[in-house]
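A closer look at the structure
This is what each chain is made of:
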Amino acid sequence: MSSSMALRDLQRDLESKANDLAKIQKDIAKDHQLRKKYTIQLGENELVLKELDLLEEEANVYKLIGPVLVKQDLAEANANVRKRIEYISAELKRVDASIHDNEGQQNSKREAVRTSLSQII
Amino acid sequence: MAASSSARGELEKMGIDQLKALKEQADLEVNLLQDSLNNIRTANARLESAAGALNDLSLRPQGKKMLVPLTASLYVPGTLDEADKVLVDIGTGYFIEKTMEDGKDYCQRKINLLKSNYEQLFEVLAKKKSVADEAGMVLQGKVRQLQAATTS
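First, a word on scope: everything that follows refers to the structure included in this document. Everything numeric here is computed off the predicted structure, so don't read it as measured data. (Residues numbered from 1 in each chain as written. Chains lettered and ligands numbered in written order. Predicted model: local features only at pLDDT ≥ 70, side-chain atom pairs only at ≥ 80, totals over all residues. Heavy atoms only, no water.)

1. What to know about the overall build of chain B
To keep it simple, the criterion reads: Helix and strand definitions here come from DSSP, where helices need a minimum of 4 consecutive H or I residues and strands a minimum of 2 consecutive E residues; each element is numbered from the N-terminal end. Residue burial is assigned from relative accessible area. The probe radius is 1.4 Å, only protein chains are included, and a residue is buried under 20% of its type maximum, exposed over 50%, and partly exposed in between. It only takes one pair of heavy atoms within 4.5 Å for two residues to be counted as in contact. Working convention for charge: Lys and Arg count positive, Asp and Glu count negative, and His plus the chain ends are omitted. Lysine's charge is taken at NZ, arginine's at CZ, aspartate's at CG and glutamate's at CD.
A count of helical and extended segments in chain B gives three helices and four strands. The order of helices and strands in chain B, counted from the N terminus, is α-α-β-β-β-β-α. When its C-alpha atoms are laid out on the principal axes, chain B stretches across 85 × 35 × 25 Å. Within chain B, the fraction of its 152 residues that count as buried is 24%. Considering only contacts in chain B between residues 6 or more positions apart, those separated by 24 or more positions represent 54%. With 20 positive and 21 negative side-chain charges, chain B shows a spacing of 3 Å between the two charge centroids.

2. With respect to the pattern of salt bridges
All names here are of chain A. The cut-off we apply is this: Just to be clear on terms, a salt bridge is a Lys or Arg side-chain nitrogen sitting within 4 Å of an Asp or Glu carboxyl oxygen.
Within this structure, the stated rule accounts for 14 salt bridges over all chains. The partner of R35 in a salt bridge is D96, and the shortest N-O contact between them spans 2.5 Å. One end of the pair, R35, is in helix α1 (residues 2-54); the other, D96, is in helix α2 (residues 74-120), with 61 residues separating them in the sequence. Judged by relative accessible area, which is 28%, D96 ranks as partly exposed. With its nearest N and O atoms 3.7 Å apart, the salt bridge here joins D53 to R82.

3. Notes on the interface of chain B and chain A
The cut-off we apply is this: Accessible area that two parts lose when put together, with a 1.4 Å probe and added across both, is what the buried area reports. We define a polar contact as two N or O atoms separated by no more than 3.5 Å, with the added condition that, inside protein, one atom must be a possible hydrogen donor and the other a possible acceptor, whereas residues neighbouring each other in sequence contribute only through side-chain atom pairs. Should DSSP find at least two bridges between two strands, the strands are taken to pair.
Of the residues lining the interface, 14 residues belong to chain B; the matching set on chain A comes to 18 residues. In total, chain B and chain A occlude about 1,500 Å² of area from one another, counting both sides; carbon and sulfur atoms represent 60% of this. The salt bridge involving R109 of chain B is made with E51 of chain A; its shortest N-O contact spans 2.8 Å. The interface formed by chain B and chain A contains five residue pairs in polar contact (both at pLDDT 80 or more). For the side of chain B that touches chain A, the secondary structure elements donating two or more residues are β3 (85-91), β4 (94-99) and α3 (100-151) of chain B. Where strand β1 (residues 61-65) of chain A meets β4 of chain B, three bridges bridge the pair, whose relative direction is antiparallel. Considered in β4 of chain B, the bridge of K63 of chain A is made with Y94 of chain B.

4. Description of a negative patch on the surface
Threshold: Patches were defined on residues exceeding 30% relative accessible area and lacking a salt bridge, with like-charge contacts within 9 Å and nonpolar side-chain contacts (Val, Leu, Ile, Met, Phe, Trp, Tyr) within 5 Å. Note that accessible areas follow from Shrake-Rupley with a 1.4 Å probe, and for residues the cover is restricted to the protein chains shown.
Taken together, E56, E57, E58, D73 and E76 of chain A together with D81, E82, D84, E101 and D102 of chain B make up a surface patch of like negative charges. Looking at where D102 of chain B falls in the secondary structure, it is placed in helix α3.

5. Regarding unusual backbone geometry
A negative phi angle is the norm for most residues apart from glycine, just as the trans form is the norm for most peptide bonds. All names here are of chain B. Notably, T92 is not glycine yet its phi reads approximately 45°, a positive angle. Topologically, T92 is positioned in the loop between β3 and β4. On the basis of relative accessible area, T92 is assigned to the partly exposed category, the value being 24%.

6. Regarding the packing of helix α2 (residues 16-59) of chain B against α3 of chain B
Residues and elements named next belong to chain B. Just so we agree on the cut-off: As a rule, the C-alpha atoms of each element are fitted with a line to give its axis, helices using only the stretch in contact, and angles between N-to-C directions run from 0 to 180 degrees. Any angle that falls under 35 degrees is termed roughly parallel, while one over 145 is termed roughly antiparallel, one within 65 to 115 roughly perpendicular, and all others oblique. Note on convention: near helix rotated counterclockwise from far helix by under a right angle means a left-handed crossing. Clockwise means right-handed.
Relative orientation of the contacting elements α2 and α3 amounts to 160°, with a least axis distance of 7 Å. Judged by the angle between their axes, α2 and α3 are roughly antiparallel. Taken as a pair, α2 and α3 cross one another with a handedness that is left-handed.

7. Observations concerning the side chain of Q106 of chain A
Within the fold, Q106 of chain A resides in helix α2. The residues touching Q106 of chain A, leaving out its near neighbours within four places in the chain, are L21, I24, Q25 and I28 of chain A.

8. Describing the sheet that holds β3 of chain B
Strand order in the open sheet formed by four strands is β2(A)-β1(A)-β4(B)-β3(B), with antiparallel pairing between adjacent strands. With one partner strand each, in any of the chains shown, β2 (68-72) of chain A together with β3 of chain B form the two edges of the open sheet. Pairs of neighbouring strands in the sheet enclose a mean axial angle of 35°, with direction left out of account. In the packing of α3 of chain B onto the sheet, contacts are made with β3 and β4 of chain B, and the angle to β4 of chain B comes to roughly 120°.

Scope: geometric values only; no functional claims are made or implied.
Now the structure itself:
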């Protein structure tokens, strides 16, 4: 009786550890999606900055805000794009750190699942 | 050739399950790369047609009668104003006014950039494809070996 109860406890433990592992893997997948999105945005903004840098001082810059094309100051547009690039780079670094942490946790959870499994078997 | 035979040695050492997983992974990556290559080709085609339209526009004299699209099915008669200035969409909602020359130059630059990206991706795809094919062949060989061992 006590051995079957102990077995059930071990199985429940294994299940909960496996669930933890699955959750971490889902988080890692979500972080990878986010990272992809940020990388694309960063690339696009850097392209825009390059084009803006090629412009001369008096050239006209317009920004599409909704259905309206608004004339912008070249310096202001430059500043805006630079700020966006800074923000996206910071977010990208944050996501990378999160992925790194989660991968470490994933490995330790995997080990925990393995030890749980070996206890049952 | 030396590189592929040492890679082959690695593949031979792996178990059937590992080989299958590796092949599936490589196939997935090949598909992703193919999709990216297709996207680049589409974008390039759009840029080329934009460059063609620009060239055409530069030939038209100012004041020429034209039809301006208001919606996909509604056109309004108008006259062509100065064809020397063009608005270029550079991304993230920004447009810059450029001369016809600069506009054509912009299109050409983007086309060149995409072409070089395409070539880089193509090389990566070729390498991944050869890995996937090698894995597939080694896998088939092993499966056949296993079948021969179990039946004899």
